There are 2 protein chains.
Amino acid sequence: MSQEPTLKGACIIGQSGGPSSVINASALGAIQAAMRADCITHVYGAEHGIRGILNDRLFDLDQEDPAELELLRHTPSSILGSCRYKLKDFSEDETDYRRVLEVFQKHDVRYFFYIGGNDSMDTCNKISKYMERVGYDCRIMGIPKTIDNDLYGTDHCPGFGSAAKYIASTCMEIRRDAVVYDTGAVTILEIMGRNAGWLAGAAALPGTFGEDSGVDLVYLPEVVFDIDNFMDDVNEVLRQKGNVIVAVSEGVKDKYGAYISEYGSENAKFKDAFGHAQMGGLAATLTSIVKARTDKKVRGIEFSLLQRCSNHLASATDSREAFEAGKSAVELAVDGVTDKMVGFERTDENGVYGCKIKLLELSEVANREKRVPLNWINETHNGVTQEFIDYALPLIQGELEFITENGMPRHARLKKILV
Amino acid sequence: MSQEPTLKGACIIGQSGGPSSVINASALGAIQAAMRADCITHVYGAEHGIRGILNDRLFDLDQEDPAELELLRHTPSSILGSCRYKLKDFSEDETDYRRVLEVFQKHDVRYFFYIGGNDSMDTCNKISKYMERVGYDCRIMGIPKTIDNDLYGTDHCPGFGSAAKYIASTCMEIRRDAVVYDTGAVTILEIMGRNAGWLAGAAALPGTFGEDSGVDLVYLPEVVFDIDNFMDDVNEVLRQKGNVIVAVSEGVKDKYGAYISEYGSENAKFKDAFGHAQMGGLAATLTSIVKARTDKKVRGIEFSLLQRCSNHLASATDSREAFEAGKSAVELAVDGVTDKMVGFERTDENGVYGCKIKLLELSEVANREKRVPLNWINETHNGVTQEFIDYALPLIQGELEFITENGMPRHARLKKILV
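Residues numbered from 1 in each chain as written. Chains lettered and ligands numbered in written order. Predicted model: local features only at pLDDT ≥ 70, side-chain atom pairs only at ≥ 80, totals over all residues. Heavy atoms only, no water.

### Details of the overall build of chain A
And then number 1: Helix and strand counts for chain A stand at 13 helices and 13 strands.
And then number 2: Scaling as 2.2 N^0.38, a compact globule of 419 residues should have a C-alpha radius of gyration of about 22 Å, and chain A matches this with 23 Å.
And then number 3: Projecting the C-alpha coordinates of chain A onto the three principal axes gives extents of approximately 70 × 45 × 45 Å.
And then number 4: Counting all 419 residues of chain A, 64% fall into the buried class.
And then number 5: Split by element, the accessible area of chain A, about 15300 Å² in all, is 45% carbon and sulfur.
And then number 6: Averaging the locations of the 46 positively and 62 negatively charged side chains of chain A gives two centres separated by 3 Å. (Helix = DSSP H or I, 4+ residues; strand = E, 2+ residues; numbered from the N terminus. Rg over C-alpha atoms; globule rule 2.2 N^0.38 Å. Buried < 20%, exposed > 50% of the residue type's maximum accessible area, 1.4 Å probe, protein only. Areas by Shrake-Rupley, 256 points an atom, 1.4 Å probe, with all protein chains shown as cover. Lys, Arg positive; Asp, Glu negative; His and termini not counted. Charge placed at Lys NZ, Arg CZ, Asp CG, Glu CD.)

Rendered as structure tokens:
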């Protein structure tokens, strides 16, 4: 890298992609580290990620009350706003890049920190490469965030542990409710994760308390989902226990590669095989399929946004690591690092969980996905192995203090003063 | 009442109807009071409510570990199992009543405590009247429970405060997520309460923090739901804020008395007017209606079982009152009271919330419903008044300790040894 050890200028922090319970903990880590750094002259927040830069809508975070900023640990979703805006390659169209450069120059921005998933790392990578090409001295770092846990090159991602804790805890609570009648019921839980089954796998964590603690069956999108096998599994558990609770990743597909969630939709080729057309997601589709094939009460529950915004059930481990990721990205950039994403390396010793920061090339991370290893899925494709449990369990440990006002969550209230 | 002050014998505690986050706190209050009472010789739990008595399946609660019983405060749903079994009038068919008497006699049961909603109070009332008629000396008390808060004669019901706290808190978290993009979105939250809008109204509680803290619009089943007015409301908020979050009671009906949730179903008369047939509930139906009429992203979220089983977000006020209701029912019965439901009377002083136990005739409570007063709903029928807020806010105050093991809830593990 060609930068001098000390680069003086403003910094921009942005958030992008789907929110999580702890993406604001990363923002807080970055904001506080940037405020401490002598070489960082101003700390700005981009409204709605990269679009805030393109629109020159930057919040002056230096004017925020430090106590309100501290509450970002306890505030879900992306406080600065998010976006899903994909930059074209600059070889194709330089317009956006010239605009980013213009805004960076206008505010003397020398540091850019972008918190997001693999699309955001792609944005980060492209801007970094463009600034290098035009010779604008600027340090650019990616800070990982995704409940899906599918970022390449890092042991796990900030956001996953809290979503996993929500899913595991909620599955336990739902079990208590769903088996309460003696009349038998099928309960189908739809969990996020279009291509990777990390979150669905988290539904298996209560199994560490015994098989009647959480869900009975777990289906990940890494393996083919077969309706007949699924019904056999459901009927077998019903036969044994009288009730069955199933967790299914929203992304499960059949052997032809068709999403099961689209079986009932207007254009689905399988529409007629299962009766009515319908507009719901996977839980609704599976519910209607199971209803047609059993005489039990069938209920579908979609965890929807709740699994990614329930900060009140965040993992303290995840929150701490999210904060550290933001803090480290700024500290490393101040020390001269650029064009990297901070990631996690696991450093367990004697069975005790450990985790340290490592650096990854942005270009390596951008647009790639990490899926659950096939040998972490059981042979019958309706559960996970002990390796998965051992991997995920440390990430959900610890509880954040639940800070309330008038019996409800006390979230950060920022002034959001535009520059 | 003709009972002697002291009546010696065993007691049965049962749970019935839909579970709540704190119905086990009521069970704990009753169990511990019964164990302390000299005149109560054994403490039994009926498996699946009245069906456990009919089937002579009683758990010997005296054999449970007191520390595990204590965890009932932190365990959602009905630990003994529930049922929805309606007894016929004994003038019509005495079979069930004779069986109940037989089981009571077999185990020398002289106390029966039934925790449930208005159907359960009906069961309680019928058994009480039958035992009186046949001259079997027995004290029978109802302990209220319903997240719906629709029991007659009591200021509020155990279970409501915790469900309301879940709804209010979750609405705040969802708002943070649902408005995160700059592209505009309509988010529709479906809340339980078939005939009474107490729970839907709880979605308005975050409004005490300002209008951008929770949901924008709230629809209760006490007033007619008009699709055109609803769309006008939605569009107006979209115009002002760019996003809109709506809370709707599952029970809203149009001016003809038809459930909106059934608009899309196979047999609904309005099916064609709104396109595709569909199987979901209200959130799915409204989502498809709004989708057809806006270009925004529309998402429906059903709080489903989560609103009644999320003990980790229980109201400490509600949990304490639920416990007290169970405890008082037993202590009052020991003192000679029978054929009553314990209820709550509000005793606020100088604006400070207060609540004391009162007694209601079972026959008064059975099969009646208490709905939200119409003057607590705003004139535009899309929100609640300050009276509603003042009523509900004290009930969601305080948090229970979240007791965990391995990062997940530590629920009570009972041995459930059959007598």
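Resuming the write-up.
### Points about the packing of aromatic side chains
And then number 1: Tallied over the full model, the rule gives 32 aromatic pairs over all chains.
And then number 2: On the basis of an interplanar angle of 50° and a centroid distance of 5.4 Å, the ring pair of Trp376(A) and Tyr391(A) is categorised as tilted. Taken together, the residues span a long stretch of sequence, with Trp376(A) in the loop between helix H12 (362–365) and helix H13 (386–392) and Tyr391(A) in helix H13 at a distance of 15 residues.
And then number 3: For Tyr391(A), a relative accessible area of 7% puts it in the buried group.
And then number 4: Relative to Tyr130(B), the ring of Phe90(B) lies with its centre 5.3 Å away and its plane at 65°, an arrangement referred to as edge-to-face. In this pair, Phe90(B) is assigned in the loop between helix H3 (66–70) and helix H4 (95–106) and Tyr130(B) in helix H5 (residues 118–134), connecting sequence segments 40 residues apart. Exposure class is identical for Phe90(B) and Tyr130(B). Each is buried.
And then number 5: An aromatic cluster is built from Phe104(A), Phe112(A), Tyr114(A) and Tyr136(A), whose rings are joined through pairwise contacts.
And then number 6: Cation over ring: Arg368(A) sits above Tyr152(A), and NZ or CZ is 3.5 Å from the ring centre.
And then number 7: The ring of Tyr136(B) carries Arg110(B) above its face, with NZ or CZ at 4.3 Å from the centroid. (Phe/Tyr/Trp six-rings, centres within 6.5 Å; stacked < 30°, edge-to-face > 60°. Lys NZ or Arg CZ within 6 Å of the ring centre and 35° of its normal.)

### Concerning unusual backbone geometry
Residues and elements named next belong to chain A.
And then number 1: Here the phi dihedral of Asn 149 falls at roughly 60°; this positive angle occurs in a residue that is not glycine.
And then number 2: Along the chain, the position of Asn 149 falls in the loop between strand S5 (139–144) and helix H6 (160–178).
And then number 3: Not every positive phi belongs to a glycine, and Lys 416 is a case in point at roughly 50°.
And then number 4: Mapped onto the secondary structure, Lys 416 falls in the segment after strand S13 (408–409).
And then number 5: Given the relative accessible area of 33%, Lys 416 is considered partly exposed.

### Quick notes on the pattern of salt bridges
And then number 1: Tallied over the entire structure, the rule returns 58 salt bridges over all chains.
And then number 2: With its nearest N and O atoms 2.6 Å apart, the salt bridge here joins Arg308(B) to Asp177(A). In this pair, Arg308(B) is assigned in helix H10 (residues 306–309) and Asp177(A) in helix H6, connecting two distinct chains.
And then number 3: Asp93(B) is paired through a salt bridge with Lys88(B); the nearest N and O atoms lie 3.9 Å apart.
And then number 4: Given a relative accessible area of 29%, Asp93(B) falls into the partly exposed group.
And then number 5: Beyond isolated ion pairs, a larger network of salt bridges with shared partners links Glu68(A), Glu405(A), Arg410(A) and Arg413(A). (Salt bridge = Lys/Arg side-chain N within 4 Å of Asp/Glu carboxyl O.)

### With respect to the relation of the copies chain B and chain A
And then number 1: For these two chains of identical sequence, chain B goes onto chain A by a turn of 180° and a shift of 0.0 Å along the axis, with RMSD 0.0 Å. Those values place the two copies in the arrangement expected of a two-fold rotation axis.
And then number 2: Residue by residue, 100% of the interface of chain B is reproduced at the interface of chain A, so both copies engage with the same surface. (Least-squares fit on C-alpha atoms with pLDDT ≥ 70 in both. Contact = heavy atoms within 4.5 Å.)

### Examining the nonpolar core
And then number 1: Residues Phe303(A) and Phe303(B) are the most contacted members of the largest nonpolar core, which totals 94 residues.
And then number 2: Sequence-distant contacts of Phe303(A), that is, excluding residues within four places in its chain, are made with Tyr166(A), Ile167(A), Thr170(A), Cys171(A), Ile174(A), Leu189(A), Glu190(A), Ile191(A) and Leu306(B). (Core = buried A, V, L, I, M, F, W, Y, C linked by side-chain atoms within 4.5 Å.)

### Some remarks on the pairing of strand S10 (residues 340–346) of chain B
Residues and elements named next belong to chain B.
And then number 1: Among the seven residues in S10, five count as buried, and that is most of the element.
And then number 2: As paired strands, S10 and strand S11 (residues 355–361) are joined by seven bridges and run antiparallel to one another. Within S11, the position partnered with Gly 343 by the bridge is Lys 358. (Pairing = 2+ DSSP bridges.)

### Some points on the packing of helix H8 (residues 227–241) of chain A against helix H9 (residues 282–293) of chain A
Between two packed helices, the angle of one axis relative to the other and the distance separating the axes together describe the packing.
Residues and elements named next belong to chain A.
And then number 1: Packing of H8 against H9 brings their axes to within 12 Å, and their N-to-C directions diverge by 65°. Every pair of crossing elements has a handedness; the one defined by H8 and H9 is right-handed. Across the interface between the two elements, Ile 227, Asp 228, Phe 230 and Met 231 of H8 pack against Leu 286, Ile 289, Val 290 and Arg 293 of H9.
And then number 2: In the contact of H8 with H9, the residues fall into six nonpolar, no polar and two charged. (Axes fitted to C-alpha atoms, helices over the stretch in contact; angles between N-to-C directions. Left-handed = near helix turned anticlockwise from the far one by under 90°. Nonpolar A, V, L, I, M, F, W, Y, C, P; charged D, E, K, R; others polar.)

### Points about helix H1 (residues 23–36) of chain A
Residues and elements named next belong to chain A.
And then number 1: The end-to-end C-alpha distance of H1, which contains 14 residues, comes to 20 Å, matching closely the 20 Å that a straight helix rising 1.5 Å per residue would cover.
And then number 2: Of all 14 residues in H1, 11 are buried; the element is thus mostly enclosed.
And then number 3: All of the buried residues in H1 are Ile 23, Asn 24, Ala 25, Ser 26, Ala 27, Leu 28, Gly 29, Ala 30, Ile 31, Ala 33 and Ala 34.
And then number 4: Where the residues of H1 are buried, they touch strand S1 (9–15), strand S2 (40–46), helix H3 (66–70), strand S4 (109–116), S5 and helix H11 (316–334). (Expected span 1.5 Å × (residues − 1).)

### A short note on the sheet that holds strand S1 (residues 9–15) of chain B
Residues and elements named next belong to chain B.
And then number 1: Taken in spatial order, the seven strands line up as S3-S2-S1-S4-S5-S10-S11 in an open sheet, and their pairing is mixed. Looking at which strands have only one partner, the edges of the open sheet turn out to be strand S3 (58–60) and S11. Sheet twist, expressed as the mean angle between neighbouring strand axes with direction ignored, is 30°.
And then number 2: Where helix H1 (residues 23–36) meets the sheet, it contacts S1, strand S2 (40–46), strand S4 (109–116) and strand S5 (139–144), and its direction lies at approximately 175° from that of S1.

### Side note on the interface of chain B and chain A
And then number 1: Contacts between the two partners involve 65 residues from chain B, matched on the other side by 65 residues from chain A.
And then number 2: Taken as a group, Glu173(B), Arg176(B) and Tyr181(B) account for 13% of the area that chain B buries against chain A, more than any other trio of residues on that side.
And then number 3: Here chain B and chain A share four salt bridges between them.
And then number 4: At the boundary of chain B and chain A, one finds 32 residue pairs in polar contact (both at pLDDT 80 or more).
And then number 5: Put simply, the parts of the chain that give the side of chain B that touches chain A at least two residues each are helix H6 (160–178), strand S9 (297–302), H10, strand S12 (404–405) and strand S13 (408–409) of chain B.
And then number 6: Ranked by residues supplied to the side of chain B that touches chain A, first place goes to H6(B) with 11 residues.
And then number 7: A class-by-class count of the residues in the side of chain B that touches chain A yields 29 nonpolar, 23 polar and 13 charged. (Buried area = accessible area lost by both parts, 1.4 Å probe. Polar contact = N/O pair within 3.5 Å; in protein donor to acceptor, adjacent residues only side chain to side chain.)

### A look at the state of the cysteines
A covalent bond between the sulfur atoms of two cysteines is what we call a disulfide.
And then number 1: One pass over the full model with this rule turns up zero disulfides over all chains.
And then number 2: The thiol of Cys138(A) is unpaired, and the distance to the nearest cysteine sulfur, on Cys124(A), comes to 9.8 Å.
And then number 3: Overall, Cys138(A) belongs to the buried group, its relative accessible area being 6%.
And then number 4: Free of any disulfide, Cys157(B) has its nearest cysteine sulfur in Cys355(B), 11 Å distant. (Disulfide = S-S within 2.5 Å.)

### Structural notes on the sheet that holds strand S8 (residues 244–249) of chain A
Across a sheet, paired strands are connected by hydrogen bonds in the backbone, their directions being either parallel or antiparallel.
Residue and element names in this part refer to chain A.
And then number 1: Taken together, the four strands give an open sheet; going across it, the order is S7-S8-S6-S9, and neighbouring strands pair in parallel fashion. Both outer strands of the open sheet, strand S7 (217–219) and strand S9 (297–302), are each paired with one neighbouring strand and no more. Looking at each pair of strands side by side, their axes are set apart by 15° on average, direction ignored.
And then number 2: One ladder, built from six bridges, connects strand S6 (residues 185–191) with S9; its direction is parallel. Residue Val 186 lies in a different strand from S9, and its bridge partner there is Val 298.

### Looking at the pairing of S6(A)
All names here are of chain A.
And then number 1: The buried fraction of S6 is high, at seven of seven residues.
And then number 2: Here S6 shows no split at all, with Ala 185, Thr 187, Leu 189 and Ile 191 on one side and Val 186, Ile 188 and Glu 190 on the other all buried.
And then number 3: Bridge count for S6 against S8 is six bridges, and the pairing is parallel. When the sheet's bridge partners are listed, Glu 190 is paired in S8 with Val 248.

### Some details on the packing of H1(A) against H11(A)
Residue and element names in this part refer to chain A.
And then number 1: Across the interface, H1 lies against H11 with an axial gap of 7 Å and an inter-helix angle of 35°. Here H1 runs over H11; the crossing is right-handed. When H1 is examined against H11, the residues Ala 25, Ser 26, Leu 28, Gly 29, Ala 30, Gln 32, Ala 33, Ala 34 and Arg 36 are found in contact with a partner set consisting of Ser 319, Ala 322, Phe 323, Gly 326, Lys 327, Val 330 and Glu 331.
And then number 2: Residue classes in the contact of H1 with H11 are distributed as eight nonpolar, five polar and three charged.

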